[in-house]
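# Commentary on secondary and tertiary structure
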Amino acid sequence: MSDKATRSAFWASALFYGLIAFEFFYMFSPFAVYFYSVYGPGLKLLNFSASTSWLISFFMPHLARETTSVFINVHEAIGMVFFVVGITGFGVGAFKIYRNKLLDKGAVTGGIYRWIRHPQYLALMVASFGMVLIWPRYLVLFGFVTVCFAYVMLAKTEERICRRKFSNYNEYASQTGMFLPQFIERVFSAVPFPKHRYLRIISGITLYILSLVLSFGIAQAIHTKSVNSLYTYSTEREVYLSLGRLGKGQIRELARTAKSNIDVTDRLSAFSDDTARLINYVMPTELLVSEIPMHIPEGHVPTHESPGSKDQSQYKIIFTRAHFGPGGAANGINILRTAIHKSPIVEIWIDRTTNTVTRVISPPAERYYNSMPVPVF
């Protein structure tokens, strides 16, 4: 593979993962409502098959800012640290390489390159892992594993080019590790790998598939842990999800108050059939979240603030109908585990000091993200 082909392959893999990262950034930008629609057709296409519909699900919370798990509460902050460190490392490595190219100084062997030969690819892997924590869709996890393998292949291709181009590269490679310091990589080099080309290809594909299976297995376990750490109250056909710290009894009391209103029960009666499943979001009335189909007052911008910082005497429940992939509906808490989207029914405001319904609001005529599949928890 030529140097030009190597660069093309790199940018192709970067574009693949960049499209996934693009979703996260625009979800937090003023243009999110417009640009997020770019992903709509693709996400909906994945939803057509039971074998792919789960890919668009989140395995860690994005809406619920407070859970019983410390790690899950801070996973986005940890992911942002990984992302910033990775992007910074990539920038430093790129600067060193292109400076040497401009000054015709040959291969870079100083700084971090004294220990590892491909710190830029390592930095991109670190940044990609950060994206998995920030925007934890199974689809993003798939992209992370895929680009890691792509970077390994690109690094090996570049090394073949460097061995032809630089006379001292073999000596340099014998004293450094590819992605980690040599003393660490020696542990992994003890695992035998076939020397025959076709056997190496088969082994590489097998390792890639096993890595995906392992990654998705870990994500499934985290998914279960995440749902179990949420503040919820559920019945067979409904699950109430509090975005903040509310006990099951407190959530149940709010649900009882909401359903004591005749207007509310009339509206919910249309969803009392055996197939209907509801996800009902509980939060302070001051909290505005774009991914939940709620009333957003004119001039206000939805955010992802902590519910604990809002007035706890005034709460609201947004009743929504859960939508599932081809695998069908679930019951109880499993509604949150398997639902991939929701549509609004009614919004109820409750005064907790008097246990009374103060407002009944019809669904907004225009939802923030229209009908795009967004996180359900």
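Everything that follows concerns the structure shown earlier in this document.
Residues numbered from 1 in each chain as written. Predicted model: local features only at pLDDT ≥ 70, side-chain atom pairs only at ≥ 80, totals over all residues. Heavy atoms only, no water.

With that settled, consider the overall build of the chain. Counting its secondary structure elements, the chain contains 12 helices and 6 strands. Within the chain, residue pairs in contact and separated by at least 24 positions form 73% of the contacts whose partners lie at least 6 positions apart. Accessible surface, the chain: about 19,100 Å² in total, of which carbon and sulfur atoms supply 63%. (Helix = DSSP H or I, 4+ residues; strand = E, 2+ residues; numbered from the N terminus. Contact = heavy atoms within 4.5 Å. Areas by Shrake-Rupley, 256 points an atom, 1.4 Å probe, with all protein chains shown as cover.)

This brings us to the pairing of strand 4 (residues 314-323). Each regular strand carries side chains that alternate between the two faces of the sheet. Here strand 4 lies mainly inside the structure; 7 of its 10 residues are buried. In this structure, strand 3 (residues 278-284) lies alongside strand 4, joined through 7 bridges in antiparallel fashion. Residue methionine 283 lies in a different strand from strand 4, and its bridge partner there is lysine 316. Note that strand 4 and strand 5 (residues 341-351) share 10 bridges and pair antiparallel. If you follow isoleucine 318 over to strand 5, its bridge partner there is glutamate 347. (Buried < 20%, exposed > 50% of the residue type's maximum accessible area, 1.4 Å probe, protein only. Pairing = 2+ DSSP bridges.)

Here we come to the side chain of serine 229. One can find serine 229 in helix 9 (residues 197-229). In contact with serine 229, not counting residues within four places along its chain, are Thr67, Thr68, Ser69 and Ile72.

Attention now goes to a positive patch on the surface. A contiguous patch of positive charge on the surface is contributed by Lys156, Arg160, Arg164 and Arg200. When residues in the positive patch are grouped by element, the largest group, 3 residues, is from helix 6 (residues 138-165). Examined against the element boundaries, arginine 200 turns out to sit in helix 9. Judged by its relative accessible area of 38%, arginine 200 falls in the partly exposed class. (Patch = residues over 30% accessible without salt bridge, like charges linked within 9 Å, V, L, I, M, F, W, Y side chains within 5 Å. Salt bridge = Lys/Arg side-chain N within 4 Å of Asp/Glu carboxyl O. Lys, Arg positive; Asp, Glu negative; His and termini not counted. Charge placed at Lys NZ, Arg CZ, Asp CG, Glu CD.)

Reading across the sheet, the 6 strands line up as 1-2-3-4-5-6 and stay open at both edges, with mixed pairing between neighbours. Both edges of this open sheet fall to strand 1 (231-234) and strand 6 (356-361), since each of them pairs with a single strand only. Recorded for the sheet is a direction-independent mean angle of 25° between the axes of neighbouring strands. (Axes fitted to C-alpha atoms, helices over the stretch in contact; angles between N-to-C directions.)

This paragraph deals with the nonpolar core. Phe59, Tyr121, Leu141 and Tyr151 are the most contacted members of the largest nonpolar core, which totals 30 residues. If one sorts the elements of this core by residue count, helix 6 sits on top with 10 residues. Beyond its immediate stretch of four places on either side in the chain, leucine 141 contacts Phe59, Val132, Ser215, Phe216 and Ala219. Within the second largest apolar cluster, 24 residues are counted, among which are Ala64, Met283, Met294 and Ile335. (Core = buried A, V, L, I, M, F, W, Y, C linked by side-chain atoms within 4.5 Å.)

Located in the positive-phi region is asparagine 355, a residue other than glycine, with phi close to 55°. Checked against the element boundaries, asparagine 355 lands in the loop between strand 5 and strand 6. Residue asparagine 355 is classed as partly exposed on the basis of its relative accessible area, which comes to 41%.

This part takes up a nonpolar patch on the surface. Residues Tyr198, Ile201, Ile205, Ile209 and Val213 make up a contiguous nonpolar surface patch of about 500 Å² in total accessible area. Among the structural elements, isoleucine 209 can be located in helix 9. Judged by its relative accessible area of 46%, isoleucine 209 falls in the partly exposed class.

Everything listed is a geometric property; what it means functionally is a separate question.
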